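A look at the structure
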Amino acid sequence: MNRDSGKHPRSEVLGRLLVALQCLDILPSRKEMAEFLEQSLREVPGVAGMRLMMADQAGEGAAGTTPMDGALIESIPMRTPRVCFGELQLRIDDPAAYAHYRSFLINIGHMLATILENRDNAGKLAEANRQLSQLVGELEQRVEERTRHLLENQQQLLLSAKVFENSAEAIIITDARQRILSVNRSFTEITGYAPDEVIGRTPRVRRSGRQNQDFYQELWRSVAATGQWQGEMLNRRRNGEI
């Protein structure tokens, strides 16, 4: 029943418990921590058994192998200033011997709670880092896709600019108000109008009077619907020729 505390000097028991406490931090599960802690507490005079009651682990509420029914129980809270993780329940068979170690075991309860809290915080930090890494990866992928699209658009614009400038046909670019924004080189060669003479004006400046109003209405309907019009018209050159 009672163990002889003389076989285990108090300093030796406390030293073993300190070593055991440091080992708890490397055990992967709370069940393994409970089993290891129970083995360690058997070194404490007056303690006949232990179980670990986890406040947040309904499926593992009681961990430990010693039956606790009908025994003198000492409950030691496992608590930090922020979280209560449950309690250590000790079965006491020699209250007088146990009294010499009680304050130290209370500190063990606090230290065990700190270990559990640090482990939980480390898990939360690892999850936050995982989510952050995932977000950074998604942002990098979006930036890469956006950069690729911009390069493709730039190449398309450069190609369109070459087609516009080197076309043998006269090309006019206008805005929604029919104001001329740009003309190509062939326009200048065919009409005699330099770009600065027509940019900002409407194409009406070149009308020859040979097409009726219906022709121009259909032309602008095509521009509004498709963004362009292609065809032939009789216009006036800068020197007045048709």
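Residues numbered from 1 in each chain as written. Predicted model: local features only at pLDDT ≥ 70, side-chain atom pairs only at ≥ 80, totals over all residues. Heavy atoms only, no water.

**Points about the overall build of the protein chain**
Across its full length, the protein chain carries 7 helices and 6 strands. Expressed as a percentage of contacts within the protein chain between residues at least 6 apart in sequence, the contacts between residues at least 24 apart total 51%. Element-wise, carbon and sulfur atoms account for 52% of the exposed surface of the protein chain, whose accessible area totals about 15,700 Å². (Helix = DSSP H or I, 4+ residues; strand = E, 2+ residues; numbered from the N terminus. Contact = heavy atoms within 4.5 Å. Areas by Shrake-Rupley, 256 points an atom, 1.4 Å probe, with all protein chains shown as cover.)

**A look at the pairing of strand E3 (residues 72-79)**
Alignment of E3 against strand E4 (residues 84-92), held across 8 bridges, turns out to be antiparallel. Its bridge partner lying in E4, methionine 78 is registered against glycine 86. Once E3 ends, the chain turns through 4 residues before running back antiparallel as E4. (Pairing = 2+ DSSP bridges.)

**So, the side chain of threonine 202**
Along the chain, the position of threonine 202 falls in the loop between helix H6 (195-198) and helix H7 (213-226). Exposure remark for threonine 202: the relative accessible area of 14% places this residue in the buried category. Those residues in contact with threonine 202 that lie beyond four places of it in its chain are Gln178, Arg179 and Ile180. (Buried < 20%, exposed > 50% of the residue type's maximum accessible area, 1.4 Å probe, protein only.)

**Considerations on a nonpolar patch on the surface**
A grouping of Leu132, Leu135, Val136 and Leu139 is seen on the molecular surface, where their side chains present a nonpolar patch of about 330 Å² in accessible area. Residue placement: leucine 132 occurs in helix H4 (residues 102-166). A relative accessible area of 48% means that leucine 132 is categorised as partly exposed. (Patch = residues over 30% accessible without salt bridge, like charges linked within 9 Å, V, L, I, M, F, W, Y side chains within 5 Å. Salt bridge = Lys/Arg side-chain N within 4 Å of Asp/Glu carboxyl O.)

**Overview of the environment of serine 186**
Turning to its location among the elements, serine 186 is positioned in helix H5 (residues 185-191). A C-alpha to C-alpha distance of 7.7 Å links serine 186 and glutamate 165, two positions 21 residues apart in sequence. With residues near it in sequence (within four places) discarded, serine 186 still touches Ser167, Ala168, Glu169 and Ala170.

**What about unusual backbone geometry?**
A positive phi angle, near 70 degrees, is found at glutamine 178, a position not held by glycine. Locating glutamine 178 in the fold gives a position in the loop between strand E5 (172-174) and strand E6 (180-183).

**Remarks on the pairing of E6**
Sheet topology note: the E5/E6 ladder contains 3 bridges and is antiparallel. From the neighbouring strand, isoleucine 173 faces E6, where its bridge partner is serine 182.

**Considering the packing of helix H1 (residues 10-24) against helix H2 (residues 30-41)**
Axes are the key here: two packed helices are described by the angle between their axes and the distance separating the axes. H2 packs onto H1 with a crossing angle of 175 degrees between their chain directions and a minimal axis gap of 10 Å. Regarding the angle of H1 to H2, the classification is roughly antiparallel. In this structure, H1 uses Leu17, Ala20, Cys23 and Leu24 to contact H2, whose residues at the interface are Met33, Phe36, Leu37, Ser40 and Leu41. Residue composition of the contact of H1 with H2, grouped by class: 8 nonpolar, 1 polar and no charged. (Axes fitted to C-alpha atoms, helices over the stretch in contact; angles between N-to-C directions. Parallel < 35°, antiparallel > 145°, perpendicular 65-115°, else oblique. Nonpolar A, V, L, I, M, F, W, Y, C, P; charged D, E, K, R; others polar.)

**Digging into the nonpolar core**
Judged by nonpolar contacts, the single largest core of 30 residues is most densely connected at Leu88, Leu90 and Leu105. For this core, the secondary structure elements donating two or more residues are H1, H2, strand E1 (47-54), E3, E4 and H4. Here this core takes 7 residues from H4, the largest share from any one element. With near-sequence residues (within four places) excluded, leucine 88 lies in contact with Leu37, Met50, Arg51, Leu52, Glu74, Ser75, Ile76, Met78, Ile108, Gly109 and Leu112. (Core = buried A, V, L, I, M, F, W, Y, C linked by side-chain atoms within 4.5 Å.)

**Quick look at H1**
A rise of 1.5 Å per residue sets the reference length of H1, with its 15 residues, at 21 Å; its end C-alpha atoms lie 21 Å apart and thus fit the reference within 8%. Where H1 is concerned, the buried positions are Val13, Leu14, Leu17, Ala20, Leu21 and Leu24. Angular distribution of buried residues about the axis of H1 spans 120 degrees; they occupy a single face of the element. Residues Ser11 and Gln22 are exposed on H1 and point more than 90 degrees away from its buried face. (Expected span 1.5 Å × (residues − 1). Arc of directions from axis to C-beta.)

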